[in-house]
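Observations on the model geometry
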Amino acid sequence: MKKILAAALALVLVLALAVGCGKAPGGGTMTLYTWEGMFPPEVLEAFTKETGITINYANFDTDENMLARLEAAGGGDYDVVIADDYIIETVIAEGLAQKLDTKKLSGWGNINPVYQGQFFDPNNEYTVPYGSGVQTIVYDPARIQKEITGYADLWDPSLKDNLAVIGNYRVINGMALKVMGESYNTEDTAVIQAAGQKLLELAPNIRLIKNDNLQDDLLSGEVGAAVMYTSQVTLAKLQNPDLRVVYPKEGVGFGIIGTFIPSKAPNAEAAYQFIDYILRPEVSAQCFEYMGYYCTNKAADEKINEAYREFLTLPEGITGGEMVRLRRRRGGPQQGLDRVPRRLRGVKKGNALCQSGLPPGLAFFFFLRKKKKKQKEERPIYLTAGAKRKPAG
């Protein structure tokens, strides 16, 4: 009898241990591949505690390096990849991402449809958005008397030498295109040419062109208005709530960071668990507060701290926008506008370029390059470096 009782107790103990240790089917390790600093540590720790799945957090510095490694691995090695929209288009075209089984994602319905159906994944078959950079204008009403409502106002003479813009040629070119009533992504070379000419008129107002820490120049009074990355807007507003954030009346442009599962992910089931986990409203809210990107989870909007909600969620009146292709297509009509030929380095003045027969877009960007060089001599220009959290743009 004692032997039977002892055996029964042993069986109960074994079952209890099995229940306690078997936190998730499959378990094991999941490799997450993205930039550094894209998740609060507590979110990753909580996922492991709940599921028993250990996260191997691998980082890349550029989207291109990510693509090269994924190509070399033949769509293997990584379970979840988070990258920019334009590179995901290539990933999908090369068959390196697998179609999602949305039945495994209970939080699929939480996604804000504004960020779905975009050029890189038109049928929402491969990706889950994880944050967005929305092009916004921020200005200090204490230093700018004119009320700014859109891009066109940036051309006003009262803003002379008082405007800062991020160093992204598509953002800058896009401002002129929208003022002209055109698409950010037009492929009409005549329109692009006209936009370049329009930008030359803006040059006198531009004081700074830089990517990193642009919010510091607005906060210090170096400039009174700026076109900034989303994360910079967040930092600026936290330090000075009186700054005004403007969604351009000409139309909102945005870029999306997407999540996908590689075609030969070693632990795809763990990947589904992780993606579904970060789709939970309360978890998403933690992530977006940490990153400073616009929230792409509509169910999480109300859970974001009120102190951040204004600049991490789209206003109610904005129900859509236009994706901005932040990289050119090879051989497309935009090619060449993002770099200045070496043969032009001897030209000294921006207005001389207007008479050089060059496309106005090239003339403008060479003008900005010369101006940026002069700024570098006067003050430090900080450049993005390393595999750190990317600026949201």
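Per chain, residue numbering runs from 1 following the sequence as it is written. It should be noted that, the model being predicted, local features are given only for residues of pLDDT at least 70 and side-chain atom pairs only at 80 or more, the latter also being counted only at that level, while totals for whole chains, interfaces and linings use all residues. Heavy atoms throughout the structure, all of them, feed into the side-chain values; hydrogens and water do not.

As a further point, take the overall build of the protein. Numbering goes from the N terminus for both helices and strands, where a helix is a DSSP run of H or I of at least four residues and a strand is a run of E of at least two. A tally of regular secondary structure across the protein gives 13 helices and 11 strands. Looking at the protein residue by residue over its 393 residues, the buried ones come to 52%. Considering only intrachain contacts with a sequence separation of at least 6, the fraction spanning at least 24 residues in the protein is 74%. A 1.4 Å probe and the Shrake-Rupley method give the accessible areas. Residues count as covered only by the protein chains that appear here. By element, 51% of the accessible surface of the protein is carried by carbon and sulfur atoms, the whole surface being about 18,200 Å². Categorising residues by exposure relies on relative accessible area from a 1.4 Å probe, with only protein chains included: less than 20% of the type maximum marks a residue as buried, more than 50% marks it as exposed, and the intermediate range marks it as partly exposed. We call two residues in contact when some of their heavy atoms are within 4.5 Å.

It is worth spelling out helix H6 (residues 189–202) at this point. Any helix carries an expected span of 1.5 Å times its number of residues minus one. Helix length check: H6 (14 residues) gives 20 Å between terminal C-alpha atoms against 20 Å at 1.5 Å per residue, within 8%. Residues Val191, Ile192, Ala195, Gly196, Leu199, Leu200 and Leu202 constitute the buried set of H6. Here a polar contact means two N or O atoms within 3.5 Å. Within protein one must be a hydrogen donor candidate and the other an acceptor candidate, and residues neighboring in sequence count only if both atoms are side-chain atoms. One side-chain oxygen at the N-terminal end of H6 lies 2.9 Å from the backbone nitrogen of alanine 190; it belongs to aspartate 188.

Moving on, we come to the packing of aromatic side chains. A pair of aromatic rings is counted whenever rings of Phe, Tyr or Trp (Trp by its six-membered ring) have centres within 6.5 Å, and the orientation is called stacked for planes under 30 degrees apart, edge-to-face for over 60 and tilted otherwise. Throughout the structure, instances matching the rule amount to 11 aromatic pairs. The interplanar angle of 80° and the centroid separation of 5.0 Å between the aromatic rings of tyrosine 33 and phenylalanine 60 together place this pair among those described as edge-to-face. Here tyrosine 33, found in strand E1 (residues 29–34), pairs with phenylalanine 60, found in the loop between strand E2 (54–59) and helix H3 (63–72); they are 27 residues apart in sequence, far enough to count as distant. The residues tyrosine 33 and phenylalanine 60 share a single accessibility class, namely buried. Taking 5.5 Å as the distance between ring centres and 75° as the angle between the ring planes, the aromatic pair formed by tyrosine 115 and phenylalanine 254 counts as edge-to-face. Here tyrosine 115, found in the loop between helix H4 (85–93) and strand E4 (128–134), pairs with phenylalanine 254, found in strand E10 (residues 253–260); they are 139 residues apart in sequence, far enough to count as distant. For the residue pair tyrosine 115 and phenylalanine 254, the accessibility class agrees, reading buried in each case. Connected via pairs of aromatic rings, a cluster forms that spans Phe39, Phe47, Tyr130, Phe274, Tyr277 and Phe288. One cation-aromatic arrangement involves lysine 178 over tyrosine 184; the distance from NZ or CZ to the ring centre is 5.1 Å. For a Lys NZ or an Arg CZ to count as sitting over a ring, it must be within 6 Å of the ring centre and within 35 degrees of the ring normal.

Another aspect to go through is the sheet that holds strand E8 (residues 225–228). Read from one edge to the other, the open sheet built from five strands follows the order E7-E6-E8-E5-E9, with strand pairing classed as mixed. At either end of the open sheet lies a strand with only one pairing partner, and these are strand E7 (206–209) and strand E9 (244–246). Adjacent strand axes in the sheet meet at a mean angle of 20° when their direction is disregarded. The rule for pairing is simple: two strands pair if DSSP sees at least two bridges between them. In this structure, strand E5 (residues 136–139) lies alongside E9, joined through three bridges in antiparallel fashion. Its bridge partner being in E9, isoleucine 137 is matched across the sheet by valine 246. Only the contacting stretch of a helix is used when fitting its axis, a line to C-alpha atoms as for every element, and angles between N-to-C directions run 0 to 180 degrees.

To continue, consider unusual backbone geometry. The phi dihedral of aspartate 77 is positive, around 75°, even though this residue is not glycine. When you line up the elements, aspartate 77 lands in the loop between H3 and strand E3 (80–84).

Another aspect to go through is the packing of helix H5 (residues 169–179) against H6. For the pair H5 and H6, the least separation of the axes is 9 Å and the interaxial angle reads 105°. Taken together, the axis directions place H5 and H6 in an arrangement best described as roughly perpendicular. The residues of H6 that touch H5, namely those facing Ile172, Asn173, Met175, Ala176, Leu177 and Val179, are Val191, Ile192, Ala195, Gly196, Lys198, Leu199 and Leu202. Residue composition of the contact of H5 with H6, by class: 10 nonpolar, two polar and one charged. Here is the rule for angles: anything less than 35 degrees is roughly parallel, anything more than 145 is roughly antiparallel, 65 through 115 is roughly perpendicular, and the remaining ranges are oblique. Charged residues are taken to be Asp, Glu, Lys and Arg, nonpolar residues to be Ala, Val, Leu, Ile, Met, Phe, Trp, Tyr, Cys and Pro, and polar residues to be all remaining types, Gly included.

At a minimum axis distance of 9 Å, the contact between helix H2 (residues 41–51) and helix H10 (residues 281–291) shows a crossing angle of 150°. One element, H2, and the other, H10, form an angle in the roughly antiparallel class. The segment H2 lies against H10, with Pro41, Glu42 and Val43 engaging Val283, Gln286, Cys287 and Tyr290. Considering only residue class, the contact of H2 with H10 consists of five nonpolar, one polar and one charged.

Attention shifts here to the pairing of E8. Burial of the side chains of E8 extends over both faces: Ala225 and Val227 are buried on one face and Ala226 and Met228 on the other. Here E5 runs beside E8; their pairing, made up of four bridges, is antiparallel. Its bridge partner lying in E8, isoleucine 137 is registered against valine 227. With three bridges joining them, strand E6 (residues 163–165) and E8 adopt parallel strand pairing. Bridge pairing in E8 links valine 165 to valine 227.

Time to look at the pairing of E3. Both faces of the sheet carry side chains from a regular strand, because those side chains alternate between them. The element E3 is extensively covered by neighbouring structure, given that five of its five residues are classed as buried. Bridge analysis of E1 against E3 gives two bridges, and the strand direction is parallel. Paired with leucine 32 across the bridge in E3 is valine 80. Taken together, the four bridges between E3 and E10 define a ladder with antiparallel strand orientation. Bridging from a neighbouring strand, aspartate 84 pairs with isoleucine 257 of E10.

Another point: the side chain of threonine 127. Mapped onto the elements of the fold, threonine 127 is located in the loop between H4 and E4. Exposure remark for threonine 127: the relative accessible area of 6% places this residue in the buried category. Side-chain polar atoms of threonine 127 contact the side chain of aspartate 121, separated by 2.7 Å. Filtering out sequence-adjacent residues up to four positions away, threonine 127 remains in contact with Ile88, Leu100, Trp108, Phe120, Asp121, Thr259 and Phe260.

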